[in-house]
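Spelled out, the chains give:
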Amino acid sequence: EDPNEAAKTFLRIAKNNAAMKTEFSVFNKLFGGEPALHKKRNPVKKVTLNLFHIFFQKFKEINVYVAFDENQDYLIFDYESIHVCLYHLIDNATKYVLPGSNFHVHFKKDDKDFSIIMDMISLRIEDNEKDRLCEEGFSGKSARKLKKHGDGIGLGRVSKILSINNGELIIHPNVKPYKSKKFQGYWYDNNLFEIKLKNYAQQTI
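Residues numbered from 1 in each chain as written. Predicted model: local features only at pLDDT ≥ 70, side-chain atom pairs only at ≥ 80, totals over all residues. Heavy atoms only, no water.

Draft legend 1. View of the packing of aromatic side chains. A complete count under the given rule lists 8 aromatic pairs for this structure. For the pair Phe107 and Phe114, a centre-to-centre distance of 6.4 Å together with 40° between the ring planes defines the contact as tilted. Sitting over the ring of Tyr74, Arg41 keeps its end group 4.3 Å from the ring centre. (Phe/Tyr/Trp six-rings, centres within 6.5 Å; stacked < 30°, edge-to-face > 60°. Lys NZ or Arg CZ within 6 Å of the ring centre and 35° of its normal.)

Pasting the structure below:
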């Protein structure tokens, strides 16, 4: 009877299913003995976009516009691993991104590495926080004050999952200081979250 509410409900179900899949994947990869990696050829933009779709309603509710670079690359990687990493990063973004701002997803490559970069205006990362954001149980000061922090597990899991896939998470805080804004008493900066897949050229087809 209410198509809009039905659509929102289906998106919530899809997000919850993705969350459960993420938890099972994390357990199998990190706690199930020898990590089982199933590397296959995947279109990197499509994989990224598919996961973003289930969060678009969240971004719409806070008036955040999400844009993607064009990219036609296929990479060989373990799909579940990248799913876990993207899920946690996008979930964090919906909590900490500046309402009413733009969110860009960039793809960058050189002779050996490939990166998925999430470029956003989000809660300020203090100088003494950058190197601790991937520690389990740690949350930034502003996130705690706003009561938007979780258990401080997400980025730690991203870092661990990437490490077994010859990758890494790199956080670039406040890359363009002139974009900094104060909103409802809190500072927001232009922060980049980069998933770097190393030596991808040796895996491409």
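Draft legend 2. Layout of the pattern of salt bridges. Enumeration according to the criterion identifies 6 salt bridges in this entry. Across the salt bridge formed by Asp91 and Lys95, the nearest N and O atoms sit 3.9 Å from each other. On the criterion of helical spacing, the pair formed by Asp91 and Lys95 is a turn pair, its members being 4 residues apart in helix α4 (residues 79–96). Judged by relative accessible area, Asp91 falls into the buried class, the value being 15%. Residue class for Lys95 comes out partly exposed when judged on its relative accessible area of 25%. Between Lys108 and Glu194 there is a salt bridge, with its nearest N and O atoms 4.0 Å apart. Highlighted residues: Lys108 in strand β4 (residues 102–109) and Glu194 in strand β8 (residues 186–197), separated in sequence by 86 residues. For Lys108, a relative accessible area of 45% corresponds to the partly exposed category. For Glu194, a relative accessible area of 3% puts it in the buried group. (Salt bridge = Lys/Arg side-chain N within 4 Å of Asp/Glu carboxyl O. Helix = DSSP H or I, 4+ residues; strand = E, 2+ residues; numbered from the N terminus. Buried < 20%, exposed > 50% of the residue type's maximum accessible area, 1.4 Å probe, protein only.)

Draft legend 3. The pairing of β8, seen in detail. With 10 of 12 residues buried, β8 lies mostly within the body of the structure. Examined bridge by bridge, strand β5 (residues 114–123) and β8 share 10 bridges and lie antiparallel to one another. By the bridge assignment, Ile117 is partnered in β8 with Glu194. Of the pairings in the sheet, the one linking strand β6 (residues 167–172) to β8 comprises 6 bridges and is antiparallel in character. Across the sheet, the residue bridging to Gly167 is Leu197, located in β8. Sheet analysis places strand β7 (residues 181–183) next to β8, joined by 3 bridges and oriented antiparallel. Across the sheet, Lys181 pairs through a bridge with Tyr188, a residue of β8. Linkage of β7 to β8, two consecutive antiparallel strands, is achieved through a turn of 2 residues, within which Gln184 is found at a positive phi near 50°. (Pairing = 2+ DSSP bridges.)

Draft legend 4. Broad picture of helix α2 (residues 44–53). Within α2 the residues assigned to the buried category are Val44, Lys45, Val47, Thr48, Leu51 and Phe52. Relative to the axis of α2, the buried residues are bounded by an arc of 165° and lie together on one face. (Arc of directions from axis to C-beta.)

Draft legend 5. Layout of the nonpolar core. Counting 40 residues, the largest nonpolar core has Phe52, Phe59, Phe103 and Met118 as its most contacted members. Element by element, the count of residues in this core is highest for α4, at 8 residues. Among all residues touching Met118, those that are not within four sequence positions of it are Phe52, Leu86, Leu89, Ile90, Phe103, His104, Asn191, Leu192 and Phe193. (Core = buried A, V, L, I, M, F, W, Y, C linked by side-chain atoms within 4.5 Å. Contact = heavy atoms within 4.5 Å.)

Draft legend 6. Highlighting α4. Compared with an ideal rise of 1.5 Å per residue, which puts 18 residues at 26 Å, α4 spans 26 Å between its outermost C-alpha atoms and is within 8% of the ideal. Burial of α4 is extensive: 15 of the 18 residues sit out of reach of the surface. (Expected span 1.5 Å × (residues − 1).)

Draft legend 7. Fine view of the side chain of Asn191. Among the structural elements, Asn191 can be located in strand β8. Polar side-chain contacts of Asn191 include one of 3.2 Å to the backbone oxygen of Leu123. Every residue in contact with Asn191, bar those within four places of it in the chain, is listed here: Met118, Asp119, Met120, Ser122, Leu123, Ile125, His172, Pro173 and Asn174. (Polar contact = N/O pair within 3.5 Å; in protein donor to acceptor, adjacent residues only side chain to side chain.)

Draft legend 8. Spotlight on unusual backbone geometry. A positive phi angle is found at Asn63, which is not glycine, with a value near 60°. Within the secondary structure, Asn63 sits in the loop between α3 (56–61) and β2 (65–68). Residue classification places Asn63 among the exposed positions, given a relative accessible area of 58%. The backbone phi angle of Asn174 is positive, close to 50°, even though this residue is not glycine. Looking at the secondary structure, you find Asn174 in the loop between β6 and β7.

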